[in-house]
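Each chain, written out:
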Amino acid sequence: MGNGNPRRRPRKKKLANRVDDVLDATHEQSAPTPDLELPQENDGVKSEFESTKNPQDTETHTPEKVRELGKDKKEISEDPSYPSTDLTDDDLGDFLNNKQGKGTYSEDSLSLTLKVWRQSGPNARGRFETYLVENISEDMSFLEMFDVLNENLINEGIEPVEIASDCREGICGTCGCMINGKAHGPEKATATCQLHMRKFKDGDTIVVEPWQAASFPIIKDLVVDRSPMDRIIESGGFITVPTGSAPDANLIPVPKDAADTAFDAAACIGCGACIAACPNSAAQLFTSAKVQHLNLLPQGQAERWSRTEDMVEKMEEYFGSCTNHGECHEACPKEIPLDFIAYTNRDYVKSKRKNRKLLGQG
Ligand code: SF4
Ligand code: FES
C-alpha cells in the first residue's frame, strides 16, 4: 500500500544485508592475486644479507691475534689511572673477616661501640650488651651495619640480634627502633632502614633499644608486637563501595585538594614511632592518618561516621590519650601533619551525633 507513494523514502536494507553487499563489491573490484614468486636459495635476498655481515664477526682468533690482545690488556693494567682489580687471597681473607682490605672499604670506615638491648623472649629479663663493630662504611644503612654485627656474632657462636625489617626502603614500617633515645634515630623524616652510617662519627657509641610502650610488648631483642595497630585498622580502615579495577580509578572525580590531603595521610607506614615517642604512648597520629585517608575521599563517605567512631574507640582500648605534646610528628618518618588529629577529633564529635541519629536515638 505504501509503495505507491512517490514521496516516501525507500526502506533501508537490514544491516546484515548491507554488510554482505559491501563485501561482495570489494571482492568483485579486487585484482586477481598475482602468483607469488618465492626467493630461491642463493638468490639476491640471501646474497644481500651476506654482504651486510661484518667480516670481523667471523674473524678467527689466531695465536698472533691473541698475543696482540694480551699486549693491549697489559698496557691497560699498567696504566696508573685504572684501579687494580687483582685481589690476593689475603685481601679476600680480610674481606671475609670484615677487616680493612685492599679496595674493599673506603678510607672513611667507622669503628663503633653498640649498646644493644638483648632479651630472649617476652617474659625474659632484658639487659644491654656492648659490641664493637669495625670497618663500617659510611655508605651502609643502619640495618646493613646490623648485618655486619650479626655476621660477626654468628662467626663467634653468639646468637644474632633480632631486628625486624622487610622492604628496607622506608615503606613497610617494620624496622623501627630507638637509636640514641630517638625513634628511628638522628635523621629527621627517615625510617631506620633509610638511615645511613654517615650520620655517625668514628668512635661513636650508639644505644639501640626496642620501641617502648606498654601496648608494644617485646617479642625478642629489638622486635616488638605491634598488632594493637592492626586491631585499629580492622575496626574501620576499609571501604565497601565497589571501585572497579585500576583503569576505573578516574571514573570517580576527586577534588585535587582532597586527593592531595588524603595522599598525605596515606603516607603513614604504620611504623609506630609516633606511639614510641609519645610520653603517653598515644596513637592519635597513626589513627587519624588511617581514618582521614579514607574520610577525605568520596569513596570513603559510606562508612565515614561508623569508621571514625569505631577506630577512635578501638585506639582508646589499647593506647594512652593525646595531650598535645607533638612528639609524634617530630618522630614520624613520613612527617604526618598534626592537622589530621584535629580533623579526626572533629569527625569523632560529629560521628557520635550522626551515629545516634542512625540508630533512631537522635
Ligand atoms: S603516623 Fe608516622 S610515626 Fe606514626 S605510624 Fe604513621 S608513619 Fe609511623
Ligand atoms: S624495612 Fe620497611 S620501612 Fe624500614
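The rules behind these values
- Residues numbered from 1 in each chain as written.
- Chains lettered and ligands numbered in written order.
- Predicted model: local features only at pLDDT ≥ 70, side-chain atom pairs only at ≥ 80, totals over all residues.
- Heavy atoms only, no water.
- Helix = DSSP H or I, 4+ residues; strand = E, 2+ residues; numbered from the N terminus.
- Buried < 20%, exposed > 50% of the residue type's maximum accessible area, 1.4 Å probe, protein only.
- Contact = heavy atoms within 4.5 Å.
- 1 Å grid on protein atoms, 1.4 Å probe; cavity = no way out; pocket = protein on both sides within 12 Å on 5 of 7 lines; lining within 4 Å.
- Points joined across faces, edges and corners; volume = space filled by probe spheres on them.
- Nonpolar A, V, L, I, M, F, W, Y, C, P; charged D, E, K, R; others polar.
- Core = buried A, V, L, I, M, F, W, Y, C linked by side-chain atoms within 4.5 Å.
- Near = heavy atom within 4 Å.
- Pairing = 2+ DSSP bridges.
- Phe/Tyr/Trp six-rings, centres within 6.5 Å; stacked < 30°, edge-to-face > 60°.
- Axes fitted to C-alpha atoms, helices over the stretch in contact; angles between N-to-C directions.
- Parallel < 35°, antiparallel > 145°, perpendicular 65-115°, else oblique.
- Patch = residues over 30% accessible without salt bridge, like charges linked within 9 Å, V, L, I, M, F, W, Y side chains within 5 Å.
- Areas by Shrake-Rupley, 256 points an atom, 1.4 Å probe, with all protein chains shown as cover.
- Salt bridge = Lys/Arg side-chain N within 4 Å of Asp/Glu carboxyl O.
- Lys, Arg positive; Asp, Glu negative; His and termini not counted.
- Charge placed at Lys NZ, Arg CZ, Asp CG, Glu CD.
- Disulfide = S-S within 2.5 Å.
- pLDDT = per-residue confidence, 0-100.

Draft legend 1. View of the overall build of the chain. Scanning the chain from terminus to terminus reveals twelve helices and seven strands. In the chain, which comprises 362 residues, the share counted as buried stands at 32%. Pairs at least 24 residues apart make up 67% of the contacts formed inside the chain by residues separated by at least 6 positions.

Draft legend 2. View of the layout of surface pockets. Considered as a void within the structure, the largest pocket measures approximately 230 Å³ in volume. Lining the largest pocket are 17 residues, and of these Lys182, Ala183, Gly185, Glu330 and Ala331 lie nearest its centre. For the lining of the largest pocket, the secondary structure elements donating two or more residues are strand E4 (182-183), helix H8 (273-277) and helix H11 (327-331). The biggest single contributor to the lining of the largest pocket is H11, with three residues. Considering only residue class, the lining of the largest pocket consists of eight nonpolar, four polar and five charged.

Draft legend 3. The arrangement of the nonpolar core in detail. In terms of nonpolar packing, the biggest core is built from 32 residues, with Trp211, Phe216, Ile275, Leu285, Phe319 and Ile336 touching the most fellow members. Apart from the residues lying within four places of it in its own chain, the contact partners of isoleucine 336 are Asp264, Ala265, Ala267, Cys268, Leu285, Ala289 and His329. With 28 residues, the next largest nonpolar core counts Val116, Leu149, Leu153 and Leu222 among its residues.

Draft legend 4. Highlighting the site of ligand 1. In the vicinity of ligand 1 lie 13 residues, with Cys268, Cys271, Gly272, Cys274 and Cys332 positioned nearest. Every element with two or more residues in the shell around ligand 1 is listed here: H8 and helix H9 (284-295). Looking at side-chain class alone, the shell around ligand 1 contains eleven nonpolar, two polar and no charged residues.

Draft legend 5. How the structure looks around the pairing of strand E1 (residues 110-118). Only one face of E1 is covered, namely the one carrying Leu110, Leu112, Leu114, Val116 and Arg118; the face carrying Ser111, Thr113, Lys115 and Trp117 has none of its residues buried. Two elements, E1 and strand E2 (residues 127-136), share eight bridges in a ladder whose sense is antiparallel. Across the sheet, the residue bridging to leucine 114 is tyrosine 131, located in E2. With four bridges joining them, E1 and strand E5 (residues 205-209) adopt parallel strand pairing. Within E5, the position partnered with valine 116 by the bridge is valine 208.

Draft legend 6. Focus on the packing of aromatic side chains. Applying the stated criterion across every chain, the model contains six aromatic pairs. Note on phenylalanine 142 and phenylalanine 146: the rings are 5.6 Å apart at their centroids and 50° apart in plane angle, and the pair reads as tilted. Taken as a pair, phenylalanine 142 and phenylalanine 146 lie in helix H5 (residues 142-155) at a separation of four residues, close to a single helical turn. Judged by relative accessible area, phenylalanine 142 falls into the buried class, the value being 0%. Phenylalanine 146 sits in the buried class, given a relative accessible area of 0%. Each ring, one from phenylalanine 340 and one from tyrosine 343, has its centre 5.7 Å from the other, and the planes form 80°; the classification is edge-to-face. Of this pair, phenylalanine 340 and tyrosine 343 both sit in helix H12 (residues 339-358), three residues apart, which is roughly one turn of the helix.

Draft legend 7. Layout of the environment of valine 116. Residue placement: valine 116 occurs in strand E1. Measuring from C-alpha to C-alpha, the distance between valine 116 and valine 208 comes to 4.9 Å, with 92 residues separating the pair along the chain.

Draft legend 8. Focus on the packing of H9 against helix H10 (residues 304-318). Contact geometry of H9 with H10 gives a least axis separation of 10 Å together with a crossing angle of 170°. Judged by the inter-axis angle, H9 sits roughly antiparallel to H10. Contacts between H9 and H10 involve Gln284, Thr287, Lys290, Val291, Leu294 and Asn295 from the former and Arg304, Arg307, Thr308, Met311 and Met315 from the latter. Among the residues making up the contact of H9 with H10, the classes are represented as four nonpolar, four polar and three charged.

Draft legend 9. View of unusual backbone geometry. With a phi angle near 55°, arginine 168 is a residue other than glycine that sits in the positive phi range. Residues other than glycine seldom take positive phi values, yet alanine 189 does so here, at roughly 55°. Summarising the element assignment, alanine 189 is placed in the loop between E4 and E5. The class for alanine 189 is partly exposed, based on a relative accessible area of 33%.

Draft legend 10. Highlighting a positive patch on the surface. On the surface, Lys350, Arg353, Lys354, Arg356 and Lys357 cluster together into a patch of positive charge. Positionally, lysine 357 belongs in helix H12.

Draft legend 11. Representation of the state of the cysteines. Applying the stated rule across the entire model yields zero disulfides. With no disulfide partner, cysteine 177 has as its closest neighbouring cysteine sulfur the one in cysteine 175, 7.4 Å distant. The class for cysteine 177 is buried, based on a relative accessible area of 0%.

Draft legend 12. The arrangement of the confidence of the model for the chain in detail. When pLDDT is averaged along the chain, the result is 80; 70% of the residues meet or exceed 70. Here residues 1-89 scores under 50 on pLDDT; set against residues more than four positions off or in separate chains, the count is 13 contacts. The low-confidence segment residues 91-105 (pLDDT under 50) makes 23 contacts with residues lying over four places distant or belonging to another chain.

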